[in-house]
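The chain contents come next:
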Amino acid sequence: MNSFNPLLIGAEAANNFVAGRRLVGDGMAMDVRRPSDANVYAALDSAGAGQVDAAVENAFSAFKTSGWASTDPRARMKVMRRWADLIEADAARLAPLEAVGSTRTIGEILAWDLSYTAECLRFFAEFADKMGGEVVATTPDKLGMTITEPYGVVAAVAPWNLPLVMAAWKIAPAIAAGNSVVLKPSELTPFSIVRVAELAIEAGLPAGVFNVVQGDGLSVGDPLCRHPRVSKVSFTGSTATGIAIMRACAETGPKPVTLELGGKSPQIVFADSKDLGQAAATVARAITLNSGQVCVAGSRLLVQDKVAEEVVGRIVAAFEAHRMGATWDDATTMGPIISEKQLGQIDGTVSRALAAGGEAVTGGRRAPAPQQGSYYLPTLLTGLAQDSEAVQGEIFGPVLTVQTFADEEEAYALANDSAYGLAAGVHTGNLDRALRATRALEAGTVWVNRYGRSNDFMLPTGGFKQSGIGKDLGREAYAANLKSKAALIQL
Ligand code: NAD
């Protein structure tokens, strides 16, 4: 039994975390709502301009003086492992804190998010003594080498859709590499990461190495990214915000920036799929997981015409079997949309698609739900043109568009006709076709006969085209948190 009483969960006082302590923000106060029932459950005390500055200055001073960057890499590794252990041990407190104001169900958080967050810290901790520079080939009278060094202060800006997991992708490689971090979580899901910051201190991370500042994008995120002591920015969120952040980094640096942005990922089902039932179940899950509020949500089904009817029928059945409800209800299989604003955007796009001649085979409207929260029915749209808004734009909700194709060539042409290039899925029993697809698809990740990530942290994640620049996870993410210095010594 995972249920908890949401009425008992409120924000703990002081929501910012600077120099190893909780700090009451002196900026704008914001109400934070539970998307599950629309109630305000806590107040967020945003950091004021002076506090954002102080957080970065503290991080800089910790970088210079705390010894974290210069300590034995294996000592860094041990602290991060302890931190991961403490996160797992704190599940009874952290999981409700994460679930109450987010769209993640308590079951998902306990089964996956917390252990994944902890394992992400462990994974990057292991790099601390394994990735340095190299001695390069040169003439015998010289020694040439590259030396890797942390940047200093890394600013991280995170979204609301998987609050702890997204934060972990940013902070784990940056801190393992010896940087100090100032993180701004989404103002919609601000609280759980503050508890994680407290656990870092308990694990032995020096004060000031990991800081959290709260607030919205314009009053806190933008000045954080622009701060002159910030040497690198790592962002996950929408493409529009990513562009604004890149501009801020150009104007105040230039600073290197990693951008993990939006997507409109295709799932291609070929008639020769090994198991059409399995393929349809995977497609359905990939657009209803977290109510479609996942960057890699498989939001475009491309299905070979001869099996379209069967596959669509199975997906509709899977959609209609969902039980929508609060994140704290054990029976919930699909939680809420993060806010009324987001729900309005989803519904607006669907309404325009229907007005333009599309058909909602199922769904197409907000869901009647036991609570007064923001719920949207899993929706399957057919009859839309390739250039229509619903096929081209990221909806970030449980909305699947369906198009059919005759052959492989047409499938790849439709799949690649997108401004985004984050992920793609392919279902086929033909090995040659699977391998051709992995080459043909313009996406940062291609999944074959599955959809969605695993615990294979070595696989980097990141998008092509408007889906971003750079990678989270994998060796690339660790390397992106280090700068490389060349040294040439005349012997
Ligand atoms: P968002 O862009 O609205 O906000 C993301 C973060 O940026 C928030 O913390 C916000 O406060 C902050 N922000 C907003 N404006 C800012 C500015 N001018 N300067 C600095 N910070 C600013 O995105 P969202 O609605 O929170 O998240 C959903 C989006 O994130 C979707 O587009 C989704 O695809 C994307 N996403 C991408 C990945 C990935 O790995 N590619 C992962 C998760 C989510």
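Residues numbered from 1 in each chain as written. Predicted model: local features only at pLDDT ≥ 70, side-chain atom pairs only at ≥ 80, totals over all residues. Heavy atoms only, no water.

Next up on the list: the nonpolar core. Among the nonpolar cores identified, the biggest contains 76 residues, and W83, F124, I175, V181, I193, L205 and F210 are the most heavily contacted of them. Among the elements that make up this core, the one with the highest residue count is helix α5 (residues 163–176) (eleven residues). In this structure, this core is formed jointly by two domains, domain 1 (6–261 + 468–490) and domain 2 (266–457), each of which donates at least three residues. Sequence-distant contacts of F124, that is, excluding residues within four places in its chain, are made with A172, P173, A176, L473, G474, A477 and Y478. (Core = buried A, V, L, I, M, F, W, Y, C linked by side-chain atoms within 4.5 Å. Buried < 20%, exposed > 50% of the residue type's maximum accessible area, 1.4 Å probe, protein only. Helix = DSSP H or I, 4+ residues; strand = E, 2+ residues; numbered from the N terminus. Domains from an automatic or database assignment. Contact = heavy atoms within 4.5 Å.)

Of note, T288 is situated in helix α9 (residues 276–288). One polar contact links the side chain of T288 to the main-chain carbonyl oxygen of A284, over a distance of 2.8 Å. A distance of 3.3 Å separates polar atoms of two side chains, one belonging to T288 and the other to H322. Excluding residues within four positions of it along the chain, T288 makes contact with F319, H322, M334 and P378. (Polar contact = N/O pair within 3.5 Å; in protein donor to acceptor, adjacent residues only side chain to side chain.)

All right, on to the sheet that holds strand β13 (residues 300–304) then. Here seven strands make up an open sheet; going across it, the order is β14-β15-β16-β13-β12-β18-β19 and the pairing mixed. Every other strand in the sheet has two partners, leaving β14 (359–362) and β19 (445–448) as the edge strands with one partner each. The mean inter-strand angle of the sheet, taken between neighbouring strand axes irrespective of direction, is 25°. Most of the contacts of helix α10 (residues 308–320) go to β13, to which it runs at about 145°, and overall it touches β12 (266–269), β13, β14, β15 (379–382) and β16 (399–405). (Pairing = 2+ DSSP bridges. Axes fitted to C-alpha atoms, helices over the stretch in contact; angles between N-to-C directions.)

In this section: the pattern of salt bridges. Taken as a whole and assessed by the stated rule, the structure comprises 24 salt bridges. In this structure, the salt-bridge partner of R104 is E108, at a minimum N-O distance of 3.4 Å. In the salt-bridge network here, residues are joined through shared partners; they are R22, D90, R195 and E198. (Salt bridge = Lys/Arg side-chain N within 4 Å of Asp/Glu carboxyl O.)

Here we take up a nonpolar patch on the surface. A surface patch of nonpolar side chains, amounting to about 370 Å² of accessible area, comprises V135, L143, I489 and L491. Inspection of the secondary structure puts V135 in strand β5 (residues 135–136). (Patch = residues over 30% accessible without salt bridge, like charges linked within 9 Å, V, L, I, M, F, W, Y side chains within 5 Å. Areas by Shrake-Rupley, 256 points an atom, 1.4 Å probe, with all protein chains shown as cover.)

Turning our eyes to something else, we now look at the domain arrangement of the protein chain. Splitting the protein chain by domain gives domain 1 (6–261 + 468–490) and domain 2 (266–457). Distance from the C-alpha centre of domain 1 to the C-alpha centre of domain 2: 31 Å. Each side of the interface is counted separately: domain 1 has 31 residues, and domain 2 has 28 residues. Across the domain 1/domain 2 interface, buried area totals approximately 2,400 Å², and carbon plus sulfur atoms make up 65% of it. (Buried area = accessible area lost by both parts, 1.4 Å probe.)

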